[in-house]
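Read off the chains here:
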Amino acid sequence: MSVLSCRGLRKEFSGHVVLDGLDLDVAEHEVVALIGASGSGKSTLLRCVNLLEEIDDGTIHLDGEHITDPRVNPDRVRQRIGIVFQSYNLFPHMTVLDNVTLAPRRVHRRERAAAEAQARELLARVGLAEKAGAYPDRLSGGQQQRVAIVRALVNSPRLMLLDEVTSALDPELVGEVLTMIRDLKAQGMTMVLATHEMGFARQVADRVCFLDGGKVIEQGPPEQVFATPTHPRTRQFLHRII
Ligand code: ADP
Ligand code: MG
């Protein structure tokens, strides 16, 4: 059974159709990279999966549960999905530890101590233990993004959604975030990531999906899609950016 299954997703913004009957399945432990021109709907798709946007038609299932059923509580779904954006969105007035434990404390109403223990363990695992008490502005962009990823991991999500997580970073800081994502993959995390960096997609993805006209029009292993794209639109896109 798929961890994520999207069927016939349709999403429009005031008449502008962004997703137009999109299908996507993601298996457990699979890493899927979404590629496509700017404005092709990669971010919109991730936001729909996390129920940050309401879809106009279609269905989304997470672990077999129909999460776009209007009776479903979105907060409960979001606890099972970690999402990380291009801009790390850390609260500047809060320490790293408080940033990381904010969601579990709020959503789960768990004991603060338990949330902090888990957060410290996760921070230690990515070499940020000594930064727990620091404020975000004392951290490099790469460290801030790693903290944002840790924050998305505290609920032990079933699925991680990563939206252009290396795009805002200076080139020399991209590597440490990539390493963290590769480690997550090695641990078996199921992930969907949107990226315009084909090198990144090639390195971490099991499968690349090319979005065009609101649908996935071509997909396959990165080596296949990048080396021998079959759809003219994919060829055109790759030709333009590589
Ligand atoms: P991508 O991430 O592939 O660059 P997006 O999903 O961000 O694409 O955007 C797809 C299209 O949807 C764009 O034309 C964008 O302007 C539009 N769009 C995205 N979010 C909104 C919104 N909240 N309101 C109106 N239009 C939006
Ligand atoms: Mg985007």
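Provided above is the structure to which this section pertains.
Summary of the structure given here. (Residues numbered from 1 in each chain as written. Chains lettered and ligands numbered in written order. Predicted model: local features only at pLDDT ≥ 70, side-chain atom pairs only at ≥ 80, totals over all residues.)

**Topic: the site of ligand 1**
Condition: Put plainly, near means the residue's C-beta atom, positioned from the backbone, lies within 6 Å of the molecule or strand in question. Strands are runs of DSSP state E lasting at least two residues, helices are runs of H or I lasting at least four, and both sets are numbered from the N terminus onward. Polar here means any residue outside two lists: the nonpolar Ala, Val, Leu, Ile, Met, Phe, Trp, Tyr, Cys and Pro, and the charged Asp, Glu, Lys and Arg; Gly therefore counts as polar.
Inspection of the region around ligand 1 gives Phe13, Val18, Gly36, Ser38, Gly39, Ser40, Gly41, Lys42, Ser43, Thr44 and Ala194 as its neighbouring residues. Take the shell around ligand 1: its biggest share by element is 3 residues, from helix H1 (residues 42–49). Here the shell around ligand 1 is built from residues that sort into 3 nonpolar, 7 polar and 1 charged.

**Thoughts on the sheet that holds strand S8 (residues 190–194)**
Rules: Two strands pair under a simple rule: DSSP has to find at least two bridges between them. Here, axes are lines fitted to C-alpha atoms. For helices the fit covers the stretch in contact, and angles between N-to-C directions go from 0 to 180 degrees.
With mixed pairing, the 6 strands of this open sheet are ordered in space as S6-S7-S8-S3-S9-S10. On the outer flanks of this sheet lie strand S6 (81–84) and strand S10 (215–220), each paired with one strand and no other. Going across the sheet, the axis of each strand differs from the next one's by a mean of 20°, ignoring polarity. Here strand S7 (residues 159–163) pairs with S8 via 5 bridges, running parallel. Of the residues in S8, the one forming a bridge with Leu161 is Val192.

**Let's talk about the pairing of S7**
To keep things clear, this is the line we draw: Three classes are used. A residue is buried when 20 or more other C-beta atoms lie within 10 Å of its own, exposed when 12 or fewer do, and partly exposed in between, with C-beta atoms placed from the backbone.
Most of S7 is tucked away: 5 of the 5 residues are buried. Residues of S7 alternate between two faces, with Leu159, Leu161 and Asp163 on one and Met160 and Leu162 on the opposite face, all of them buried. Here S6 pairs with S7 via 4 bridges, running parallel. When the sheet's bridge partners are listed, Ile81 is paired in S7 with Leu159.

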